[in-house]
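Coordinate analysis (summary)
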Amino acid sequence: QERTPVASLIADTIRFDGASTRLVARGNVEVFYDRLVLQTEEIIYDQRANRILVPGEFTLREGDDFVVHAAGAELDSKLQAGLISTARVVISQQLQIAAQEVHRADPQFTTLNRVVASTCHVCDKGDVPFWQIRAARVIHDTDGQRLYFEKARLDFLGVPIFYTPRLSIPEPGVARASGFLVPRFTSGTTIGASVKIPYYWAISPHSDATITPFVTSKGSAIIEGEYRRRVQNGAYEMRGALALRDRLSQEDYNGYFQSEGRFDLRNDYQLDFAISLSSEFDTLNEDGFLDNYGYSNDDRLTNFIQITKTTRTGFFYVGSSFTQSLRAVEIDTDIPVVLPEIHYTQSYVDPIFNGKANLTLHSVSLLRNLENSYTRIGARGDWRKEWHTGQGLVLGAAGQLNANLYYGDGSSDFSALPILRAEIRYPLKKATKNATHVIEPIAQLIWAPDDPWGSANQDRSTSDSTTAEFEETNLFSINRFPGFDESEAGVRANIGMRYLRYAPSGWEMNVTLGRVIRAKNLNQFDTSTSTGLDATNSDFVGALSFSYSDQFQFLTRMLADDDFNVSKNETSIVFDGDRFDFAASYVWLDQYTVLGQPNRQHEASLSAAYMASDNWQWTADWRHNLGTGTPIEGDLGLVYQNECAEVRFSLSLQYDADGNIERDYGLQIAFSGLGSRNKNTKSAHRCGV
Amino acid sequence: CGFEPVYGEKSSASALLGQVDIQVQNSRNSFEFRDRLIERLGRGDASAPYYLTYEFGITSDDLVISDSDNVTRYTLSGVTRYKILERASNTVVFTDKVASNTAYSATSGTYQTSVAERDAHVRLVWDMAEKIATRISIVAPDWPK
Amino acid sequence: QGASLSLSSTPHDASQPVEVTADSLTVDQASRTAVFSGSARVGQGAMRLGADQIQVTYSDTASEISKVSATGSVVFTNGAENAEADRANYDVAKGLLIMQGNVLLLQGGNAFSADTLELDVLNNSANLTGNVKTVLVPK
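A short tour of the structure in this document, coming up. Keep in mind that what you see is a predicted model, and the values were worked out from it rather than measured. (Residues numbered from 1 in each chain as written. Chains lettered and ligands numbered in written order. Predicted model: local features only at pLDDT ≥ 70, side-chain atom pairs only at ≥ 80, totals over all residues. Heavy atoms only, no water.)

**Focus: the pattern of salt bridges**
As a reminder, the rule being used: In the sections that follow, a salt bridge refers to a side-chain nitrogen of Lys or Arg positioned within 4 Å of a carboxyl oxygen of Asp or Glu. For every residue, the accessible area (1.4 Å probe, protein chains only) is compared with the maximum for its type, and the residue is labelled buried under 20%, exposed over 50%, or partly exposed between those bounds.
As enumerated under the stated definition, the model contains 51 salt bridges over all chains in all. Of the charged contacts, one joins A:Arg425 and A:Glu423 as a salt bridge, the two residues approaching to 3.6 Å between their closest N and O atoms. A:Glu423 matches A:Arg425 in its accessibility class, with the two residues each being buried. A salt bridge links B:Arg123 to A:Glu471; the shortest N-O distance between them is 3.6 Å.

**Here's the deal with empty space enclosed by the protein**
Counted only if it meets this: A cavity here means a set of 1 Å grid points, computed over protein atoms only, where a 1.4 Å probe fits but cannot escape. A pocket is an open set with protein on both sides within 12 Å along at least 5 of 7 lines, and lining residues have an atom within 4 Å of a point. Grid points are joined across faces, edges and corners, and a volume is the space filled by probe spheres set on the points. The helix count covers DSSP runs of H or I at least four residues long, the strand count covers runs of E at least two residues long, and both are numbered beginning at the N terminus. Gly falls in the polar group here, along with every residue not listed as nonpolar (Ala, Val, Leu, Ile, Met, Phe, Trp, Tyr, Cys, Pro) or charged (Asp, Glu, Lys, Arg).
Across all of its chains, the model carries ten cavities of 30 Å³ or more by this definition. Estimates place the volume of the largest cavity at around 820 Å³. Taken together, 47 residues line the largest cavity, and the ones lying closest to its centre are A:Arg380, B:Glu32, B:Asp119, B:Val122 and B:Trp126. Of all the secondary-structure elements, those providing two or more residues to the lining of the largest cavity are strand E24 (337-349), strand E25 (356-368), strand E26 (371-388), strand E28 (411-425) and strand E30 (436-447) of chain A together with helix H2 (28-41) and helix H3 (110-139) of chain B. Broken down by element, the residue count for the lining of the largest cavity peaks at nine residues, all from H3(B). Looking at the lining of the largest cavity, its residues break down into twelve nonpolar, eleven polar and 24 charged. Approximately 270 Å³ is the volume attributed to the second largest cavity. Forming the boundary of the second largest cavity are 21 residues, of which A:Arg498, A:Asn510, A:Val511, A:Thr512 and B:Lys131 lie nearest the centre.

**Digging into the state of the cysteines**
The bond known as a disulfide is covalent and runs between the sulfur atoms of two cysteines. Residue and element names in this part refer to chain A. Note the cut-off: Two cysteine sulfur atoms form a disulfide, by the criterion used here, when they sit within 2.5 Å.
Summed over all chains, the structure comprises one disulfide over all chains. Note on cysteine connectivity: Cys-120 is disulfide-linked to Cys-644, with sulfurs 2.0 Å apart. Between Cys-120 and Cys-644, the S-S dihedral sits near 90°, and the bridge is therefore right-handed. Here Cys-644 lies in the loop between strand E40 (630-642) and strand E41 (645-655) and Cys-120 lies in the loop between strand E9 (109-118) and strand E10 (131-141), a separation of 524 residues in the sequence.

**Examining the side chain of C:Thr134**
Selection rule: Under the rule applied, a polar contact is a pair of N or O atoms within 3.5 Å (in protein, one hydrogen donor and one hydrogen acceptor; residues adjacent in sequence only if both atoms are side-chain atoms). By the convention used here, residues are in contact when the closest approach between their heavy atoms is within 4.5 Å.
Relative to the helices and strands, C:Thr134 resides in strand E9 (residues 125-135). On the basis of relative accessibility, which here comes to 5%, the residue C:Thr134 falls in the buried class. At 2.8 Å, the side chain of C:Thr134 and the backbone oxygen of C:Ala111 are in polar contact. Beyond its immediate chain neighbours, meaning those up to four positions away, C:Thr134 contacts A:Ser8, A:Leu9, A:Ile14, A:Leu23, C:Ala111 and C:Phe112.

**A short note on H2(B)**
Residue and element names in this part refer to chain B. Worth spelling out the cut-off: Multiplying 1.5 Å by the residue count of a helix minus one yields the expected span of that helix.
With 14 residues, H2 extends 20 Å between its outermost C-alpha atoms, agreeing within 8% with the 20 Å of an ideal straight helix rising 1.5 Å per residue. In terms of residue burial, H2 counts as a mostly covered element, since 14 of its 14 residues are buried. Positive backbone phi, at 85°, marks Gly-42, one or two positions downstream of H2.

**Points about the sheet that holds strand E3 (residues 50-65) of chain B**
All names here are of chain B. Selection rule: One bridge is not enough; two strands pair if DSSP finds at least two bridges between them. The angle between two axes is taken between their N-to-C directions and runs from 0 to 180 degrees, where each axis is a line fitted to C-alpha atoms and a helix contributes only its stretch in contact.
Across the sheet, which stays open at both edges, the four strands sit in the order E2-E3-E4-E5 with mixed pairing between neighbours. Edge positions in the sheet fall to strand E2 (20-22) and strand E5 (91-105), since each has one partner strand and no second. Within this sheet the neighbouring strands show an average axis-to-axis angle of 25°, counted without direction. Sheet analysis places E2 next to E3, joined by three bridges and oriented parallel. Residue Ile-22 lies in a different strand from E3, and its bridge partner there is Leu-52.

**Here we look at the nonpolar core**
Within soluble globular proteins, side chains that are nonpolar generally end up buried alongside one another. Rules: Side-chain atoms within 4.5 Å are what join buried Ala, Val, Leu, Ile, Met, Phe, Trp, Tyr and Cys residues into a set we call a nonpolar core.
Core analysis: the largest hydrophobic core is formed by 86 residues, its most contacted members being A:Val31, A:Ile84, A:Trp131 and C:Met99. Excluding residues that lie within four positions of it along the chain, A:Trp131 makes contacts with A:Ala117, A:Ser118, A:Thr119, A:Cys120, A:Leu154, A:Asp155, A:Phe156, A:Cys644, A:Ala645, A:Phe671, A:Ser672 and A:Leu674. Of all hydrophobic cores here, the second largest spans 41 residues; its members include B:Leu16, B:Tyr54, B:Phe94 and B:Ala140.

**A closer look at the interface of chain C and chain A**
Note the threshold: By definition, the buried area sums, over both parts, the 1.4 Å-probe accessible area that each loses when the two are put together.
Counting residues at the interface gives 22 residues for chain C, matched by 23 residues for chain A. With both chains or domains summed, chain C and chain A bury close to 1,900 Å², and 61% of this area falls on carbon and sulfur atoms. Between the two partners, chain C and chain A, sit zero salt bridges. Counting across the chain C and chain A interface gives five residue pairs in polar contact (both at pLDDT 80 or more). Secondary structure elements with two or more residues in the side of chain C that touches chain A: strand E8 (110-120) and E9 of chain C. The greatest single-element share of the side of chain C that touches chain A, amounting to ten residues, is contributed by E9(C). Grouping the amino acids of the side of chain C that touches chain A by side-chain chemistry returns eleven nonpolar, nine polar and two charged.

Set out below in structure tokens:
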């Protein structure tokens, strides 16, 4: 017969009165029952009535999660049922509830009457906490880990802002509890004032959903939904929104749907997919539904499904993709569906020179409005071998062969281009007291025929090599075209050097400099002056970066021709201080610096965050078009954070070409210490400060 | 002027060639990263004395937004945190991180832009692999044998 | 500062005769004390006190016992209460028994442990002090 737990008692003195079976314990009195501990100076235990009377101040504790400080109580000997008067209950060190009366009916339910609850520090009686909930009664369900308020009023800085007859919130520390989340308020020129009231639904241990009604003062009514699901071999998410009434467009029932997922298949294959579709009814302003309601400003929604596998010696990819373009200039019908694209690479050790030989088989088919417009099947062979001489020279030999068979618009063709490369590098190092310097001169001589055998696919709408970058990351590469359709032809030399200042705990610096010298200009990289690769001898490529541990990074890369006018400059600075951090970027791109980019781009952006004090933080983002001298977009944010709340004010500005500005204000309040949001001890409000 | 070759007769960088096995992760970036490191450090097999593990952190941001509010150029910033494990004693002999950055344009067709994005990722991981190879070649002397 | 506690319903009559038994006895006329050792027993009415050694002190008139002190696994009972301790002193006239050292008191289903116990046998009250431990058992 399982022994029922018995309440035990420790005290400095006990007086025992046999006649009236009353026992008086005094001095450091502690009563233990199961996980409950009562600590006080004096108790009177009446054996016949089996009641414990606690005349003075006492603390009743259940582990660390439930602590009652009170001024008097009458409890049963199991410290369960009973009445406690003027108590202050602390739940999981986060939520404090001051109650006139605490009535413990049984182990699961505690009833608190005439209550003030808050997770904010309350310094002394008169002090008004940042927020508090006043209620006639609270029922604390310890098994269900929930608090049910009756006739609850939410005060903010002492001002009542919300009343509800019924309110139920999860116990602090409960991460997944269904219920309403804190509403979000925004107001802006596009959608007017708006409120979102999210409802979180913990469906099962491995799936949950959030349903959010979103209404705006201009009359739009939208239902947002989000669903997250973890399955045995992966997880997927779905989210979307459906406008029951959309005042910003002729049509109602605008919306969008997105989903992503990743699944581990048998023997190490992995499946990833992403779906992103949006309605495109013509809106009054030319921004789409996603932009109007602040979901995203992506103008190309990519949908793909792919299976990949990587092993020690190989890589396999098969995927299909489709992109919905919201750009006014792109009509959906001429956006190709990639159905499918296959890459299969195997890496071998070449028996003759003990070098590395990679063979990649690839194919792609592009569909345009349901009929096949282009298919390419090809192979790429890559061979590499490096020798290290006694004097420290690194000699490299490499070869690449691209062979493609392709069909498009009724015609089919073949093209192939071999490339050979000889390389010599001479890395030198010098160790000083606190850094190691490495200088590495590099010279590569590359041979390739001026024209491919057969003819390469020059069709701009189907070739995958219509854009090419020229920067320090591909200065020394054997073939700078991004895809398979075209390969770099002709005889040329990549010459340059790299420098590294390496100091594990100090300033680090990287420099790369070089250029490409060609026998003949084959105009593969567009005729404009500034791709850097257009003339016989390319522009100088330079990149300089230095960084100081995690705190500071600076990078600038440049493309400049012989008389030093710069056709490309991308610079970025990142600084992470403890109270202040910022990131800035500057871009200057001359016309055609990038294939297919006719107009000049000159832009700077800055984002900064400053912790003015433990509680106040400013954030600012700004993007400016230096070409036209006009701003593009900006965000200003002010965040107040203390131990029990986070209030976020935000202002975002969008400037469009003809100068009018969209302003959106946002107010977001989050209560910390409830549910899964722990109290923020870093910026806790300190009494008397 | 005090510079000496990194590789050479008795240099520990030469001794290290072919001695580092590199972790396999299931992604194109990982395959290309491993491929370039194998070119520089030699192919270490599963029983090689050193084992390199790594973790990519790649973020993409809008670099240029045209006035019709379309993003025309993206920048990719990459950080690779890596560790070198001495397999026999199962101790980490070297921990470091390298950073790199590249950009690609989104002005061509949707398919061409996705190929440009993929090529940008490959350039990024190749550049980080080159940086790691250079650093390993100068730090190798301090590793316990 | 402890108030009195009555222990059992029937009050104890301190005037009854006190008998003492033991294995051996040594008497010291000068100090009018007698030491009983070897499973010594003292009895007065329903009250019994046992210990390894009991020293009895006689009053001036040498006719009754004024004080009893017992050492070594002292056991006390008066029918309703049982107590054990290392040492005990009993003042016959005042009817006050003080037990000290690992005191254990059993009283009608209640068990107490403490450092010292003051038992007033005349008006049946007890006072335990010094890390007192007990179990709350409803009657």
